[in-house]
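# Structural description and commentary
Take a look at the letters that make up each chain.
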Amino acid sequence: MEEKISNLREQVSNKMKEIKSYADVENLRVEYLGKKGYVVEILKNLKDVEEAKRKEIGQKANVLRNEIGNMIETKKEELKEKEYMEKINNSEKIDITIPVEERIGSLHPITIVQRELEEIFTGMGFTVEDGNEVETEYNNFEAVNVPKYHPARDMQDTFWLENGELLKTQTSAAQNKIMLKYGAPLKAIFPGRCFRNEALDASHENTFFQMEGMMIDKDVSIANLIYFMKTLLSEIFKKEVEVRLRPGYFPFVEPGFELDIKCPYCDGAGCKVCKNGSWIELCPCGMIHPNVLKMGGINPEEYSGFAFGLGLSRLAMMKYNINDLRALNSCDLRVLKQMNIK
Ligand code: FA5
């Protein structure tokens, strides 16, 4: 039996030298260490060995089993190293001298517009605040004067989460928290991603960006609102833009408006951007409802304020003359090329 053990050791060590692949290693493992392998057979048959020698043979067989196990592991490492060297020297060799196409990344158009707006607003004394994407029902609706079962909820088909929270449908969801955090007076903008379960088309996405703004102080009026919006839009379009207000209904403002701009591309003469309508609907806004101020801990007898909810995605679309909003979420880099964004 001892001779057999020593022969097996020699056999394995010779076979190891011939091995060329992982499959060979596995075959060898099964042949010697598998359930019916030579070494395992010796251990199984120990009961037939005379008692005086049994312990010694058992120990020697175990030592052999460990030795073969180690040889197998070493061989696997060798093969791995060989495979790797083969890859870097031959099959996956990279020729760093081949010239590559120059592709420098750029910011996303929405980010560019967002940063531009942030710069304009911070220049006018506004702070830039962050909002959550997952929000409570209270912040998204109740705190902005949209109680349960209010019909205005139907205009914002909501993605609800199993825990009763939701994906924010509007940046207005941060109004209450910001009021409670800073109190009055306050001037803040808060850009953010919003989600609605929309029927998708060229100007509706289920995921889009808005930028909300709020200014609260003593004697803030609609005149302030018009001034800020006019300044902002003139800076964005790099020219004086004319604005007009039409009545619009949002439960969190009173009075509420839709702010339109005279088409900056045709100056109102009519073109495909304004669909020959001369005016473009851009930004709902209004004077903050007293209930919303109260819920934000601000006394409506003392303070008033305006709020607006600019469609950032749509503004980027207009600025870069993109005719389908969905291109902005498409991850298709050709879009950036086409827009010539640097
Ligand atoms: C609101 O979301 C209000 N919270 C805005 C507001 C804030 C009003 C403060 C008054 C005071 P509305 O649902 O109209 O309003 O959306 C505002 C803007 O977001 C729209 O004018 C549009 O530009 C953009 N928007 C809305 N839905 C989508 C959509 N599915 N895809 C792309 N942009 C959208």
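Up top you'll find the structure we're talking about.
## As for the site of the ligand
As a structural note, the neighbourhood of the ligand is formed by 22 residues, with Q170, S172, R196, E198 and E205 the closest of them. At 2.6 Å, a side-chain N or O of Q170 approaches a nitrogen atom of the ligand. S172 is positioned such that a nitrogen or oxygen atom in its side chain is 2.8 Å from a nitrogen atom of the ligand. Here the ligand loses 93% of its free accessible area of 680 Å² to cover by the protein chains. Looking at the shell around the ligand, the elements that each hand over two or more residues are β5 (207-217), β8 (279-288) and β9 (304-311). With four residues, the top contributor of residues to the shell around the ligand is β9.

## Examining the sheet that holds β9
Pairing is mixed in the open sheet, where seven strands are placed in the order β1-β4-β5-β9-β8-β7-β6. Strand pairing shows two members of the sheet lacking a second neighbour, β1 (127-128) and β6 (243-247), which therefore form its edges. As paired elements, β8 and β9 share three bridges and run antiparallel to each other. Across the sheet, the residue bridging to C285 is F308, located in β9. Against the sheet, helix α5 (residues 109-123) touches β1, β4 (186-195), β5 and β9, its axis set at about 170 degrees to β4. With respect to the sheet, helix α8 (residues 222-237) is in contact with β5, β6, β7 (253-262), β8 and β9, its orientation differing from that of β7 by roughly 30 degrees.

## A word on a nonpolar patch on the surface
There is a patch of nonpolar side chains on the surface, built from Y84, M85 and I88 and spanning about 280 Å² of accessible area. A relative accessible area of 33% means that M85 is categorised as partly exposed.

## A closer look at helix α4 (residues 51-91)
Across its 41 residues, α4 extends 58 Å between first and last C-alpha, which sits within 8% of the 60 Å expected from 1.5 Å per residue. For α4, the full list of buried residues reads I57, G58, A61, L64, I68, I72, K75 and L79. Summarising the contacts, the buried residues of α4 are in contact with α1 (2-18), α2 (22-33) and α3 (38-44).

## Side note on the side chain of D260
Inspection of the secondary structure assignment puts D260 in strand β7. Overall, the relative accessible area of 2% leaves D260 in the buried class. Of the polar contacts made by the side chain of D260, one reaches the side chain of R244; its length is 2.9 Å. Within the local environment of D260, its side chain forms a polar contact with the side chain of R246, the two groups lying 2.6 Å apart. Not counting chain neighbours up to four residues away, the residues in contact with D260 comprise E242, V243, R244, R246, W279, I280, E281 and L282.

## What about α5?
Here α5 is 15 residues long and its end C-alpha atoms lie 21 Å apart, about the 21 Å a rise of 1.5 Å per residue gives. Within α5, the full set of buried residues consists of P109, I110, I112, V113, Q114, E116, L117, E118, I120 and F121.

## Some words on the nonpolar core
Looking at soluble globular proteins, one finds that nonpolar side chains tend to be buried together. Ranked by size, the top nonpolar core spans 44 residues in total, and within it L117, L233, I261, F308 and L310 carry the most contacts. Per-element accounting of this core gives the leading share, seven residues, to α8. In contact with L233, not counting residues within four places along its chain, are K239, V241, V243, L259, I261 and L282. Residues I178, L186, F252 and A307 belong to the second largest nonpolar core, which totals 22 residues.

## A look at the state of the cysteines
Here a disulfide denotes one covalent bond, and it connects the sulfur atoms of two cysteines. Using the criterion set out here, one finds zero disulfides in the structure. Of all cysteine sulfurs in the structure, the one in C263 sits closest to C271, which takes part in no disulfide; the separation is 3.6 Å.

## A few points about the pattern of salt bridges
Tallying each qualifying case throughout the model produces 23 salt bridges. The salt bridge involving K177 is made with E135; its shortest N-O contact spans 2.8 Å. Taken together, the positions of K177 in helix α7 (residues 175-182) and E135 in strand β2 (residues 134-135) put the pair 42 residues apart, joining distant regions of the chain. Among the residues examined, K177 registers a relative accessible area of 31% and is labelled partly exposed. Put simply, E137 and R153 hold a salt bridge, and the shortest N to O gap is 2.7 Å. Here R153 lies in the loop between α6 (137-140) and β3 (166-167) and E137 lies in helix α6, a separation of 16 residues in the sequence. The exposure class assigned to E137 is buried, which follows from its relative accessible area of 16%. Through salt bridges with shared partners, one network takes in E137, E142, K148 and R153.

## As for the pairing of β8
Most of β8 is tucked away, with seven of its 10 residues classed as buried. Of the strand pairs in this sheet, β7 and β8 are connected by eight bridges, and their pairing is antiparallel. Bridge pairing links E258 to P284 in β8.

Rules used throughout
Residues numbered from 1 in each chain as written. Predicted model: local features only at pLDDT ≥ 70, side-chain atom pairs only at ≥ 80, totals over all residues. Heavy atoms only, no water. Near = heavy atom within 4 Å. Polar contact = N/O pair within 3.5 Å; in protein donor to acceptor, adjacent residues only side chain to side chain. Areas by Shrake-Rupley, 256 points an atom, 1.4 Å probe, with all protein chains shown as cover. Helix = DSSP H or I, 4+ residues; strand = E, 2+ residues; numbered from the N terminus. Pairing = 2+ DSSP bridges. Contact = heavy atoms within 4.5 Å. Axes fitted to C-alpha atoms, helices over the stretch in contact; angles between N-to-C directions. Patch = residues over 30% accessible without salt bridge, like charges linked within 9 Å, V, L, I, M, F, W, Y side chains within 5 Å. Salt bridge = Lys/Arg side-chain N within 4 Å of Asp/Glu carboxyl O. Buried < 20%, exposed > 50% of the residue type's maximum accessible area, 1.4 Å probe, protein only. Expected span 1.5 Å × (residues − 1). Core = buried A, V, L, I, M, F, W, Y, C linked by side-chain atoms within 4.5 Å. Disulfide = S-S within 2.5 Å.

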